[in-house]
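What follows is each chain in one-letter form.
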Amino acid sequence: MPYIDQAFYNDVYNGIPMDAETFTMLENRASDIIDVLTNYRLAGVDLSQEPELIQTNVKKAVAAQVEYMYSEGGELSVHGGSPSSVSIGGFSYTEGSGAKIVSEMTRSYLWPTGLLYMGVGVRC
């Protein structure tokens, strides 16, 4: 479920410019990542009915993730496009420590919403 449109990304978030097709593809992947991070707490929920802090931060989190994936090479950034270590016989090549899938900014935007909490609620 898409949480933002390209107008929000361009006009409010002021993200890196990209064509509409690329934006749509990355926005769908970014929304999926937000759903996974939040343990699907927003699935089937009308975001416009949530408090302003949650609405704004979820939208900014999606925009940050779109921008991150775009700057990291597009959709392949989610699927781990190239290996970080290759060995053939006695030859070995290592590139960094592997790619991160989720932007730190994405997590930062979601943190104050409480949507990242994975504990168990207790009622007394």
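All values derive from a computational prediction rather than experimental measurement.

## Here's the deal with the overall build of the chain
Part 1 of the reasoning: Of regular secondary structure, the chain possesses five helices and two strands.
Part 2 of the reasoning: In the chain, the succession of helices and strands from N to C terminus is α-α-α-α-β-β-α.
Part 3 of the reasoning: Out of the 124 residues in the chain, the part that is buried amounts to 35%.
Part 4 of the reasoning: Within the chain, contacts between residues at least 6 apart in sequence are counted, and of these 76% link residues at least 24 apart.
Part 5 of the reasoning: For the chain, the exposed surface amounts to about 7600 Å²; the carbon and sulfur share of it is 55%.

## Remarks on the nonpolar core
Part 1 of the reasoning: Tyr-9, Val-58 and Val-66 are the most contacted members of the largest nonpolar core, which totals 27 residues.
Part 2 of the reasoning: If you list the elements that add at least two residues to this core, you get helix 1 (6–13), helix 2 (20–37), helix 3 (52–71) and helix 5 (104–110).
Part 3 of the reasoning: Sort the elements by how many residues they give to this core and helix 3 lands first, with eight residues.
Part 4 of the reasoning: If near-sequence neighbours (up to four positions away) are discounted, Val-66 is found in contact with Tyr-9, Met-18, Phe-23, Leu-26, Glu-27 and Ala-30.

## Describing the packing of aromatic side chains
Part 1 of the reasoning: One pass over the full model with this rule turns up two aromatic pairs.
Part 2 of the reasoning: Taken together, a centroid distance of 5.4 Å and an interplanar angle of 45° make the contact between Tyr-9 and Phe-23 tilted. Residue Tyr-9 is found in helix 1, and its partner Phe-23 is found in helix 2; the two are separated by 14 residues along the sequence. For the pair shown, Tyr-9 and Phe-23 are each scored as buried.
Part 3 of the reasoning: Each residue in the set Tyr-9, Tyr-13 and Phe-23 is aromatic and connected to the rest through ring pairs, giving one cluster.

## Looking at the environment of Val-58
Part 1 of the reasoning: Along the chain, Val-58 turns up in helix 3.
Part 2 of the reasoning: The exposure class of Val-58 is buried, given its relative accessible area of 0%.
Part 3 of the reasoning: Sequence-distant contacts of Val-58, defined by excluding residues within four places in its chain, comprise Tyr-3, Ile-34, Leu-42, Leu-47, Leu-110 and Leu-115.

## Considering the confidence of the model for the chain
Part 1 of the reasoning: Looking at the chain, the pLDDT average stands at 87 and 84% of residues meet or exceed 70.
Part 2 of the reasoning: Within the chain, helix 1 carries the highest mean pLDDT (97), whereas helix 4 (residues 76–79) carries the lowest (57).

## A word on the environment of Asn-10
Part 1 of the reasoning: Its place among the elements puts Asn-10 in helix 1.
Part 2 of the reasoning: According to the relative accessible area criterion, Asn-10 is partly exposed, its value standing at 32%.
Part 3 of the reasoning: Once the C-alpha coordinates of Asn-10 and Ala-63 are considered, the two residues, 53 residues apart in sequence, prove to be 9.2 Å apart.

## Some words on the packing of helix 1 against helix 3
Part 1 of the reasoning: Where helix 1 contacts helix 3, the two axes come as close as 10 Å, and the packing angle between them is 95°. In terms of their interaxial angle, helix 1 and helix 3 are classed as roughly perpendicular. Contact residues: helix 1 offers Phe-8, Tyr-9 and Tyr-13, while helix 3 offers Lys-59, Lys-60, Ala-63, Ala-64, Val-66 and Glu-67.
Part 2 of the reasoning: When the residues that make up the contact of helix 1 with helix 3 are grouped by side-chain class, the tally is six nonpolar, no polar and three charged.

Cut-off values and rules
Residues numbered from 1 in each chain as written. Predicted model: local features only at pLDDT ≥ 70, side-chain atom pairs only at ≥ 80, totals over all residues. Heavy atoms only, no water. Helix = DSSP H or I, 4+ residues; strand = E, 2+ residues; numbered from the N terminus. Buried < 20%, exposed > 50% of the residue type's maximum accessible area, 1.4 Å probe, protein only. Contact = heavy atoms within 4.5 Å. Areas by Shrake-Rupley, 256 points an atom, 1.4 Å probe, with all protein chains shown as cover. Core = buried A, V, L, I, M, F, W, Y, C linked by side-chain atoms within 4.5 Å. Phe/Tyr/Trp six-rings, centres within 6.5 Å; stacked < 30°, edge-to-face > 60°. pLDDT = per-residue confidence, 0-100. Axes fitted to C-alpha atoms, helices over the stretch in contact; angles between N-to-C directions. Parallel < 35°, antiparallel > 145°, perpendicular 65-115°, else oblique. Nonpolar A, V, L, I, M, F, W, Y, C, P; charged D, E, K, R; others polar.

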